[in-house]
Amino acid sequence: MTLNIPFDNTYAQLPPQFYTRQAPTAVAAPRLLAFNSGLADTLGIAPSEEAELAAVFGGNQIPEGAEPLAQLYAGHQFGNFNPQLGDGRALLLGEVVGTDGIRHDIQLKGSGPTPYSRNGDGRAWLGPVLREYVVSEAMHALGIPTTRALAAVATGETIWREGALPGAVLTRVARSHLRVGTFQVFAARGETAALKTLTDYAIARHAPDARGPMGLLRSVRDAQVELIAAWMSVGFIHGVMNTDNSSISGETIDYGPCAFMDVFHPNRVFSSIDRAGRYAFSNQPEIAVWNLAQLATALIQQYEDPSDAVEEATEIVHAMPGLIEAARLRRLRAKLGLLTEDADDPELITDLLQLMTEGQADFTNTFRALMDAEARDQFLDPSGFDKWKDRWLRRLEGERDPEAVMARANPVLIPRNHRVEQMIAAAVAGDLAPFERLMTALARPYEPLPGFEDLRRPPSEGEVVQATFCGT
Ligand code: AMP
Ligand code: MG
């Protein structure tokens, strides 16, 4: 019996300079660790045996209709342009149009070397594979656009990082893997024909109503606006907002050193490699604008006279900060139970965040508890909060059903770092129970499910995770 995936590939039909055809490298002993059968149903993947799934999603068997390839892209990494990156440890197996009517990429991550691997081994270890599985699925359940996790397979091989670690392969599903960096590579090379082909492809796939490169730019901007505002409303720090990790579809992509904040601080950074704090929490809107400016710069290279598009591109990019702030305020208002708008709302929101910073309040639990008497316990010195709460309660007068609005906007559960780290440690020791328990709880993040109260708790002093590491 072979696994039936209804492939319908379009990227493999693009000109050869877009990618390198590359088969996955077989692994020693593929073993299925996790499989997302709900997502598989959406993708039209028929149920199959575990061994079969492990063989395909470990890279040992190429399913019929797959056309594995490594995609080419470039990117600004921490502000510096790298003219060639590309899938160094990932392979696009192909695409399927799901029962949702959406075209999805199916990609293996950790599937062996490609021509773009540079000095890397093309592999991933179990930790980042399970981290991405848990955090991306949690993100999806929170209602935030993201790539999804379809499968995690242990390879039975040892990976060398800080030491010897168990290898794994993640199967990731995305609306596409087009990034800002995909446009940058052809723009930087002066390959205008390829740039035009890519632009048309992206419009057809992601913005069918968009007219021309500037229409695409506008639609990418709008998708990124909603994405960044959503991150800012749940305390998510992506950690590596390089242009190669900035998706044209507006999905969260590349869960490396990402983290959800426990105690709120606007300048919070987790990534061990982000020493200057370029990708700190409150810098994310500005970085998203910077990344869009790089996309604009790449897109205008396809005009006969690029100066024709400069004015429109500038207008599109310059409007972005205001749009992000408006979207962020809309989400934060909902977190406060407010559906109407008042000129004083930004101040009300800023003041609460300031009190949370000073009071070292837990971001998620403070918002969830606002209605309850215990909210003040989140603050080191609750007196400032008490005054703020009086202001807020006055502002709430006349709002319709604020409790219901807040319950939908304030999750009970986020994938807290210390739980993710504990889950990884257990998995490395062969125990997947914490992984499965996290997946169960995080599938319904807005519901205070009995039996999962411990997952709501911030880390104890000994559990605090200070830094997260790039998921290589
Ligand atoms: P990332 O920081 O994960 O977005 O990756 C940046 C670039 O490094 C991409 O081109 C990756 O494909 C490549 N890369 C990361 N890890 C590895 C690895 N273990 N082997 C080969 N290439 C890698
Ligand atoms: Mg990346």
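Residues numbered from 1 in each chain as written. Chains lettered and ligands numbered in written order. Predicted model: local features only at pLDDT ≥ 70, side-chain atom pairs only at ≥ 80, totals over all residues. Heavy atoms only, no water.

### Considering the site of ligand 1
Alright, step 1. The immediate surroundings of ligand 1 are formed by 18 residues, with G86, G88, R89, G122 and D254 found nearest.
Alright, step 2. In this structure, G86 approaches ligand 1 through a main-chain N or O atom, which is 2.6 Å from an oxygen atom.
Alright, step 3. Between D254 and ligand 1, the recorded distance is 2.9 Å, taken from a side-chain N or O atom to an oxygen atom.
Alright, step 4. Protein coverage of the free-state accessible area of ligand 1, which is 480 Å², stands at 87%.
Alright, step 5. Looking at side-chain class alone, the shell around ligand 1 contains two nonpolar, eight polar and eight charged residues. (Near = heavy atom within 4 Å. Polar contact = N/O pair within 3.5 Å; in protein donor to acceptor, adjacent residues only side chain to side chain. Areas by Shrake-Rupley, 256 points an atom, 1.4 Å probe, with all protein chains shown as cover. Nonpolar A, V, L, I, M, F, W, Y, C, P; charged D, E, K, R; others polar.)

### Here we look at helix α12 (residues 383-396)
Alright, step 1. Over its 14 residues, α12 extends 20 Å from the first C-alpha to the last, a length consistent with the 20 Å expected when each residue adds 1.5 Å.
Alright, step 2. What α12 keeps buried is the set F385, W388, K389, W392, R395 and L396. Down the axis of α12, the buried side of the element spans an arc of 120°, and every buried residue falls inside it. Set apart from the buried face of α12 by more than 90 degrees, the exposed residues are K387 and R394.
Alright, step 3. Elements in contact with the buried residues of α12: α10 (345-359) and α13 (402-409). (Helix = DSSP H or I, 4+ residues; strand = E, 2+ residues; numbered from the N terminus. Expected span 1.5 Å × (residues − 1). Buried < 20%, exposed > 50% of the residue type's maximum accessible area, 1.4 Å probe, protein only. Arc of directions from axis to C-beta. Contact = heavy atoms within 4.5 Å.)

### Describing the packing of helix α6 (residues 212-234) against helix α7 (residues 284-299)
Alright, step 1. Across the interface, α6 lies against α7 with an axial gap of 10 Å and an inter-helix angle of 165°. Classified by the interaxial angle, the pair formed by α6 and α7 is roughly antiparallel. Pair α6 / α7 crosses with right-handed handedness. Residues P213, M214, L216, L217, V220, R221, I228, W231 and M232 of α6 form the contact with α7, whose participating residues are Q284, P285, A288, L292, L295, A296 and L299.
Alright, step 2. Across the contact of α6 with α7, the residue classes break down as 14 nonpolar, one polar and one charged. (Axes fitted to C-alpha atoms, helices over the stretch in contact; angles between N-to-C directions. Parallel < 35°, antiparallel > 145°, perpendicular 65-115°, else oblique. Left-handed = near helix turned anticlockwise from the far one by under 90°.)

### Remarks on the coordination of the magnesium ion (ligand 2)
Alright, step 1. Of the protein atoms, only N245 (OD1) and D254 (OD) coordinate the magnesium ion (ligand 2), at distances of 1.8 to 2.2 Å.
Alright, step 2. Looking at D254, the relative accessible area reads 15%, which means it is buried. (Donors = N, O, S within 2.8 Å, 3.2 Å for Na, K, Ca; no water.)

### Comments concerning the domain arrangement of the protein chain
Alright, step 1. You can read the domains of the protein chain as domain 1 (11-174) and domain 2 (329-409).
Alright, step 2. Computed from C-alpha coordinates alone, the two centres of domain 1 and domain 2 are separated by 40 Å. (Domains from an automatic or database assignment.)

### Section: a negative patch on the surface
Alright, step 1. A grouping of D372, E374, D377, D401 and E403 is seen on the molecular surface, where their side chains present a negatively charged patch.
Alright, step 2. Its place among the elements puts D377 in the loop between α11 (363-369) and α12.
Alright, step 3. According to the relative accessible area criterion, D377 is exposed, its value standing at 58%. (Patch = residues over 30% accessible without salt bridge, like charges linked within 9 Å, V, L, I, M, F, W, Y side chains within 5 Å. Salt bridge = Lys/Arg side-chain N within 4 Å of Asp/Glu carboxyl O. Lys, Arg positive; Asp, Glu negative; His and termini not counted. Charge placed at Lys NZ, Arg CZ, Asp CG, Glu CD.)

### Some words on the pattern of salt bridges
Alright, step 1. Tallying each qualifying case throughout the model produces 29 salt bridges.
Alright, step 2. Where R172 meets D254, a salt bridge forms, and the shortest distance between an N and an O atom there is 2.9 Å. Of the two residues, R172 is situated in strand β10 (residues 164-174) and D254 in the loop between β11 (236-237) and β12 (259-260); the sequence distance between them amounts to 82 residues.
Alright, step 3. Among the salt bridges present, the one from R328 reaches E325, with a minimum N-O distance of 2.9 Å. Within this pair, R328 and its partner E325 are both found in helix α9 (residues 320-335), separated by three residues, close to a single helical turn.
Alright, step 4. Classification of R328 by relative accessible area gives buried; the value is 15%.
Alright, step 5. Connected through shared salt-bridge partners, D8, E95, R103, D105 and R205 make up one network.

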